[in-house]
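# Residue-level structure breakdown
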Amino acid sequence: MARLINYLFAAALPLVLVAAQRQTLTVAASGGNTSSPLLFGTLYEDIYHSGDGGLYAELIRNRAFQGSSQNGQASLVRTTDFWHPIGNVQLSVEQSSPPLSASLTYDMRVDVPAGTTGQIGFYNDGFWGFHVDSSKRYAASFSIKGNYNGSVTVGFKNTLSGTQLSSTNISVQSVDGTWTSVSPSVFQPTSSSSNSNNTFTFLFDGSLLAGKSIQVNLLSLFKQTYNNRHNGVREDLAASFNGLKSTWVRLPGGNNMQGMSLGNEWHWDFTYGDLKNRPGHLGVWGDYQTNGFGILEMMQWATDSQQTVVLGLFAGLHIGGALVSQANLGGYIDSSMNYLEFLMGDSSTTWGAKRASLGFPTPFKVDHIEIGNEDYLNGGTNSYYAYRFQSFYDRIRATYPGMTLISTIVPPPVAGPNTWVDLHFYYNQDTFVALYDRFDNANRSLPIIVGEYACIYEFSNGSPEIGAQTMGMALAEGIMLLGAERNSDIVKGTAYGAMIKEYNEEPGTVAVIKHTANQILHSTSYYIQQTFSQYKGEETVAVSTQYGDGIGPVYWSATRTGATRYLKLINYYGSGSVVDVVLQGDHLSTAQVITLTAPDCSSTNKLPQLGGESTTIVSSTLTELNGRFTVAFENPCEVKILIA
């Protein structure tokens, strides 16, 4: 396709609308390649509270005093952040003696003055508040040390109105020197809240604690989870993810899997079992992470959401540039082999039996493994080629000969069957549009995934990063995706980076889904992936145009399943574009047309409380006249999918 993009952009200036041009596209009836069933997927890692405070349904923030955020970096400094006293009590963090567990060694101490009467205690801010819904169940639990024989009243309180939205009494009998774990108490709020300006309180009888102190730890509150899974995920975010129509997910990351330094990589074997036995993780995205959403919870969520899993393995390179030497890599490979057996082994194996004992008797299915992440960064290239990739490759191939192994560097250090490569695209609109024909002449013997992509800059700019994707940015991504779909015999998958982020944190960075405590924002990019994935055939088919290789502002891809064809068309800053479509072979004379549109190319989607979505998706019908379907674009930035 001719590249209009070279002269349509000027740095820091909006894209000029392209003059209307009518053209005819002829869509073949057969003769293409099998399209990858995994073409449209996602990347999950805990970035900016996509896990803790996001997909993971735990609502209490800083529940076990495992670490904190200091100057924007994850830290082992323990604090009472997000906890506040009620009554004349003093809150402090101390090293426990004895600890709740070997993994949770700090607690919050509550000192109560002599002569205290009435209710005292503390409350938690949550992750930018709490969503209180009287139609849902909640479960509160905690551990306590200290002499207390009475009730603990837990509940939600709205900070704007002062209204108590729920109140539940939990009977507690605890003693000095020994931890008492209080089992989850299930309740439903008496009232809902229309906003997230709510706190969660723990209230004690002050007269029973006057002049004394207690210690608390692992204070937890879960809202009803997706599929009612224990220690599971948020229902609303799980539904939002399912609406994306993703077919695969790469987990657990990502940079977060690598960690900042030696010893601080993500350890799979610190993320399963009782929550009190999970020490947490020094995350790379600004906060300490609980590891409550551990590997088994991730795999269960992926299974429930019918996702094919691409499992990421730490391969010896840290984000800070530290490398595991060849002499020391063997221990990491041994751990990875145990990891794979833990997920895929049956109960006759050591680690498969361990998984089964934790309530997951059925092995998980893993057919794809990515060895490392972005190993071309931070001086990792030479060691990846010299020893790191092949060391993992040889061990995994020996045990799992049919496994697809993915290299993070092109070309892969070891080529051969079932060896793929992963490309990451973080560019401006200009570059994404130029990727339309990126794969047309690629090596057909080397399968590719675009494991992370996002248009992060407008037009031809190199800054600033745009946190709210415009319709134009989303369409630029879509043009790259059209190129991937046209070549989906070798492009096996694409994944937006990142999948989920908390709306209030780092608002200048992109995500396909953003959330608050009580609202969800689907970006313009969300609907590109949703429609592209929902309307996709099993084989590619050729499209020819009267202009040879074609010319913007219209870009396209076509696939088919049986006799039904799906022609995707993107009008990219085109004014009054019209396409006449000729379908070769047998077809219906009436086509369905799916239109994804927005008022203009600069439109963005917002949270419901800030105006909601600008994008709309409508379905219409189109009748063939004189052997062609005439598709007219109403807006300069628009997607139309013709199905016939």
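Now for a look at the structure at hand. For every chain, the first residue of the written sequence is number 1, and numbering continues from 1 onward in sequence order. In keeping with the model being predicted, local features are shown solely for residues with a pLDDT of at least 70 and side-chain atom pairs are shown and tallied solely at 80 or more, while totals for entire chains, interfaces and linings include all residues. With hydrogens and water set aside, each side-chain value is computed from the structure's full complement of heavy atoms.

## Things to note about the sheet that holds strand β30 (residues 564-572)
Note: strands within a sheet are paired through backbone hydrogen bonds, in either parallel or antiparallel orientation. Counted only if it meets this: Pairs of strands are assigned from DSSP output, requiring at least two bridges between the strands. Per the convention used, a helix needs a DSSP run of H or I reaching at least four residues, while a strand needs a run of E reaching at least two, with both numbered from the N terminus. We call two residues contacting when some pair of their heavy atoms lies within 4.5 Å. For helices, the fitted axis covers only the stretch in contact; all axes are lines through C-alpha atoms, and the angles between them, taken along N-to-C directions, range from 0 to 180 degrees.
With antiparallel pairing, six strands are arranged side by side in an open sheet as β27-β29-β30-β35-β32-β33. The open sheet has two edge strands with one neighbour each: β27 (539-540) and β33 (616-623). Across seven bridges, the pairing between β30 and strand β35 (residues 637-643) is antiparallel. The residue bridging N571 from the neighbouring strand is E638, located in β35. Seen against the sheet, helix α11 (residues 471-486) touches β27, β29 (554-561), β30, β32 (590-597) and β35 and runs at an angle of roughly 140 degrees to β30.

## Some details on the state of the cysteines
What counts, and what does not: Note on disulfides: each one is a pair of cysteine sulfur atoms within 2.5 Å. We call a residue buried when its accessible area falls under 20% of the maximum for its residue type, exposed when it is over 50%, and partly exposed in between, using a 1.4 Å probe and counting protein chains only.
All chains considered together, the criterion is met by one disulfide. Each disulfide pairs two cysteine sulfurs, and for C601 the partner residue is C637, the sulfurs being separated by 2.1 Å. Measuring handedness by torsion sign, the sulfur bridge of C601 and C637 sits at about 100 degrees and is right-handed. Pair noted here: C601 is in the loop between β32 and β33 and C637 is in strand β35, with a separation of 36 residues, a long-range link. Of the two residues, C601 and C637, both sit in the buried class.

## Observations concerning the packing of aromatic side chains
Rules: Between the rings of Phe, Tyr and Trp (Trp by its six-membered ring), a pair exists once the centres lie within 6.5 Å; its type follows the angle of the planes, with under 30 degrees stacked, over 60 edge-to-face, and the other angles tilted. Consider the ring centre and the ring normal. A charge sits over the ring if Lys NZ or Arg CZ is within 6 Å of that centre and within 35 degrees of that normal.
The final tally for this structure, using the stated rule, is 41 aromatic pairs. For the ring pair W268 and Y339, a centre distance of 5.2 Å and an interplane angle of 5 degrees mean the geometry is stacked. Residue W268 is found in the loop between α5 (255-258) and β16 (281-282), and its partner Y339 is found in helix α7 (residues 329-344); the two are separated by 71 residues along the sequence. Owing to a relative accessible area of 5%, W268 belongs among the buried residues under this scheme. Across the ring face of Y436, the terminal group of R486 is positioned such that the distance to the ring centre comes to 4.3 Å.

## Brief notes about the packing of α7 against helix α8 (residues 350-357)
Two packed helices can be described by the angle between their axes and the distance between those axes. Our working rule: Orientation categories follow fixed angle ranges, with anything under 35 degrees roughly parallel, anything over 145 roughly antiparallel, 65 to 115 roughly perpendicular, and all other angles oblique. Rotating anticlockwise by less than a right angle from the far helix to the near helix defines a left-handed crossing, while the corresponding clockwise rotation defines a right-handed one.
As a packed pair, α7 and α8 sit with axes 7 Å apart at the nearest point and diverge in direction by 50 degrees. Between α7 and α8, the angle is such that the two are oblique. Crossing of α7 over α8 shows right-handed handedness. Contacts between α7 and α8 involve N338, E341, F342, L343 and M344 from the former and T350, W351, G352, K354 and R355 from the latter.

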